Amino acid sequence: MHTNFKHIVFVFLFLSLGYHLSYSQVKTKDKDLQKKTNTKFVIKAQDSIKTDSIKPPKEFLEGIIRHKADDYIANDFIKQQATLYNNAELYYQDIELKAGIIIIDYKNNLAYAKGIIDSLGNYTQKPHFKQGQQESEQDSLVYNFKNEKAVIYNTRTEQGGIIIKGQITKRENDSVLYVNKAHFTTSTKDKPDYEIVTNNIKIVPGKKVVGGLSQLYIADVPTPAILPFFYAPLTKERSVSGFLIPTWGENNNQGFFLQNGGYYFAISDYVDLAVLGDVYTNGSWGLRFESNYNLRYKFTGSFRLRFENLITSQRGFDDFSKRNNFNLQWSHSQATQSNPNSRFSASVNFGSSQFFRQSLNEFNIAQNVTNTFNSSISYYKKFVGTPFNMNVALNHTQNTNTEQVDMTLPSLQLSMDRIFPFAPKSGTKKNALQNIGLTYNLDAQNRISIKEDLFLKKGMFDNARSGARHTISLSTNMKALKYITLSPSVNYNEVWYLKTIDQQYDENTNLIVKDTINGFDSFREYSGGISASTNIYGMFNFKKGRLQAIRHVMRPSISFNYRPDFSFFYDEVQQSNDPDDLREFSRFEGGIFGQPSRGLSSSIGFSLNNTFEAKVMSKDSTETEAKKINILNNLNFRTSYNIAADSLRWSPVSMTAGTQLFDNKLNLNVNASLDPYALNVSGNRINTFNINNGGSLFRLTNANLSASYSLSSDLFSKKKPDDKKNNNASGSDPNSESLFGSNITTRNTVDDQEESNTKVAKLFGATIPWDISLRYTLGYSNRRRENEISNNSLQFSGNVTLSPKWKVGFSSGYDFKQKGITFTNLSFERDLDSWRMSFNWVPFGTNTTYYFFIGVKGPLSDLKYDQRRVPDRRLF
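Here is a short report on the structure shown in this document. (Residues numbered from 1 in each chain as written. Predicted model: local features only at pLDDT ≥ 70, side-chain atom pairs only at ≥ 80, totals over all residues. Heavy atoms only, no water.)

1. What about the environment of Leu 360?
Heads up, the condition is: Here a strand is any run of E in DSSP of at least two residues, a helix any run of H or I of at least four, and the numbering for each starts at the N terminus. Only protein chains enter the accessibility calculation, which uses a 1.4 Å probe. A residue is then buried if its area is under 20% of the maximum for its type, exposed if over 50%, and partly exposed in between.
With respect to the helices, strands and loops of the structure, Leu 360 is situated in the loop between helix H2 (355-358) and strand S28 (362-363). Note on Leu 360: relative accessible area 3%, which makes it buried.

Here you go:
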């Protein structure tokens, strides 16, 4: 019965096809038969005897077969085969098969696919097999519909960015492939830049590739690089756990070393961890923990803890030294949409002051040349429905030269937004009373100032200073004489301390002894003032030329501030054997918010701000609108006059100016201080105007000039740069705009992690994009007749793209005062298509070093070679 059943099925197939071609028929030239054939059929067994006690077998095809071919579809009912010729396509469930020829063997549940040899003898229309997300191209294949196994010849498939070729591939199912004589690479060229060749590999699509003895070929040339086994993850997840291969090298002090070896933990989709270590033959070692975390729409951050045990020379020698350095960096930012009314953030850079200067594995240029570490951990809370908000923070500042550490553990700020207690419930504020605004601020801190070697040791908090300051401000504004704005204000400050100072004269030692008094104490201050300001506009029109007008805006302001004398908070102490030899002191001396003000203050402040703009017509006659150009962004003057002072009533005049020239390419900034008073022979200020002492009206005490200019090949190009693009003609990294150049590290380098788009080189008519940044600084000092240049230096950095695949970067400078070349860094980068090569070099100085890297881009980025010369550092 089953034999008859099969015959019935195939007769049904024949009728459904609608073609009366025998298998022996040859290809016809008739145009009607050259049209595409597109049919579909369903194989579904039906038992005519429904009461048969024998259950019919399950049919081998459980879905719809759709197929088509350009030339013909031929059926052989004797052999139970169907042949599709020329651009044949077959679709079954999630399987897509395209080839020159497809033969379906219904008897054995097989499908054969192969290409066609054209009239020129070329093998074309190779089979292309796709199931789900897995695709491959091969010379021929045999597929079993029943068990879903396949044998593939000369296959080419891509798995997770890795291109795999093999002579014979056995497909066990949709999750396991076995490949014989396998070649795999990330190069997309017909003749790949490199290949890893192995006899047999196992592929688990979307998970891994595992192979035996493997050898690296570069440009079809075998290399000595042989691995006993090969493993490459293909997971679609963000990352997978695995070992991190160390780099090797040597230096004069520590000998040979292995750096950055360890293990990477892909803990989850939201957090990872890398544990890395360094080992040196002289006994030095290092350990690092690096973690990144990210929760979408919530927060993101990174954490790095680094420790190094550094040994120089050998124990017993005079130059032997040993030091432990560490550095902790933590960055955390909260997504704005997670909670608009509260925010937690952290930016921590804390550790040994000499870490970056002495580290054998971290060469961070920016950290190496700076002299401060700063940290801040803060939590902000807005109290909805009230004008109050709160900020709690932990702050840290560290001077790497003096190794002084200042910390605020913690600080609390409670602020009240400006409120208008006399404003109407609706409508605008119409008078000065209704414009009265009230603000309040509470600033409470606990400060610690210690040396670095006392951190986390006994006595760290012994000299901690605590205090709180309350500030209340009341202000309003009104119009006077139509154009003048008057702004009176009143301020009240109250300071609380938990420790005060008492001073007593010791007759035995003839010294003043200071005692710390524990307990609450406070003082209060208040002041008031009023300011008047207005705007004055001037316009100078021109009738000829492109320059139409110059606009001058002046913003003069005059203010009066009054503060009473709070000397009643001061006491007297004897300072010598003479009982009448007394001096005043404040018990609040040394407090974090200062001490009460002494002496009456009644001062008048003057300021004048200026801006200059020009209206210039374009050279293009079609342009009808004049273009605005800033001549001077600012030209400001500021001084004050203290009425209550008995001498030196005028304060020095401060001047600042800034402008931008040459289409905002050149930035100029100048500041200076002008003193109206003369100096005596000792270099101290005297109550005599400088002009009355035979000098000029003002005496220049200090001045600073800074100028920065940026140039690029775009300025000389006839084509305007496309603003929508990166506007980076040289291809330079936007993060490397620092005048000190890019960092030199052996981990997380741009060479190691990033993939660049393929660059196409033009052989003729090629341009050479370039860019350069210049910065010049000049300082002058003459406070006590020094009359000297305090600093005078020029720094520059730039990039030159010699070709689309070659880039050279440089950064250096010259110190005209010290007469020497500043920190210099050279970088060379080469895009080798599938590979990337870079060389960073610090040619001279105390940090002389280099770092060479060449490695594969993409999923096989661990296939790399790097070499670094560690700076020969002395610990002491």
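There is more to say after this.
2. Describing the packing of aromatic side chains
We count it as follows: Note on aromatic pairs: the rings of Phe, Tyr and Trp (six-membered ring only in Trp) are paired at centre separations within 6.5 Å, and the planes decide the class, stacked below 30 degrees, edge-to-face beyond 60, tilted for the rest.
What the rule picks out here adds up to 33 aromatic pairs. The interplanar angle of 40 degrees and the centroid separation of 5.5 Å between the aromatic rings of Phe 129 and Tyr 143 together place this pair among those described as tilted. Here Phe 129 is found in strand S9 (residues 128-131), whereas its partner Tyr 143 is found in strand S11 (residues 140-144), with 14 residues between them in sequence. Both residues of the pair, Phe 129 and Tyr 143, belong to the buried class. Taken together, the ring pairs in this structure connect Tyr 497, Phe 523, Tyr 526, Phe 566, Phe 568, Phe 569 and Phe 588 into an aromatic cluster.

3. Some details on the pattern of salt bridges
Convention followed: Note on definitions: salt bridges are taken to be side-chain nitrogens of Lys or Arg within 4 Å of carboxyl oxygens of Asp or Glu.
Enumeration over the complete set of coordinates arrives at 18 salt bridges. We note a salt bridge from Glu 589 to Lys 514, for which the minimum N-O separation is 3.3 Å. Residue Glu 589 is located in the loop between strand S40 (582-586) and strand S41 (601-616), and its partner Lys 514 is located in strand S36 (residues 511-533); the two are separated by 75 residues in the primary sequence. Residue Glu 589 is classed as partly exposed on the basis of its relative accessible area of 29%. Of the charged contacts, one joins Asp 675 and Arg 685 as a salt bridge, the two residues approaching to 2.9 Å between their closest N and O atoms. Placement of Asp 675 in strand S44 (residues 666-675) and of Arg 685 in strand S46 (residues 685-689) is noted, with a sequence separation of ten residues between them. On the basis of relative accessibility, which here comes to 3%, the residue Asp 675 falls in the buried class. If you follow the salt bridges from partner to partner, you end up with Lys 189, Asp 193, Lys 805 and Asp 833 in one network.

4. Notes on the nonpolar core
In a soluble, globular protein the nonpolar side chains are often hidden away together inside. Put simply, the rule reads: Residues enter a nonpolar core if they are buried and are Ala, Val, Leu, Ile, Met, Phe, Trp, Tyr or Cys, with the set joined through side-chain atoms within 4.5 Å. What makes two residues a contact is simply this: any of their non-hydrogen atoms within 4.5 Å.
Formed by 22 residues in total, the largest nonpolar core has its most connected members in Leu 84, Leu 90, Leu 97, Ile 102, Ile 104, Leu 141 and Tyr 143. Where this core is concerned, the elements lending two or more residues are strand S2 (64-69), strand S4 (81-92), strand S5 (95-105), strand S6 (110-114), S11 and strand S12 (150-159). Excluding its chain neighbours within four sequence positions, the residues that come into contact with Leu 84 are His 67, Lys 68, Ala 69, Tyr 72, Ile 73, Glu 89, Gly 100, Ile 101, Ile 102 and Ile 104. Judged by nonpolar contacts, the second largest core, of 18 residues, contains Val 179, Ile 201, Phe 230 and Val 856.

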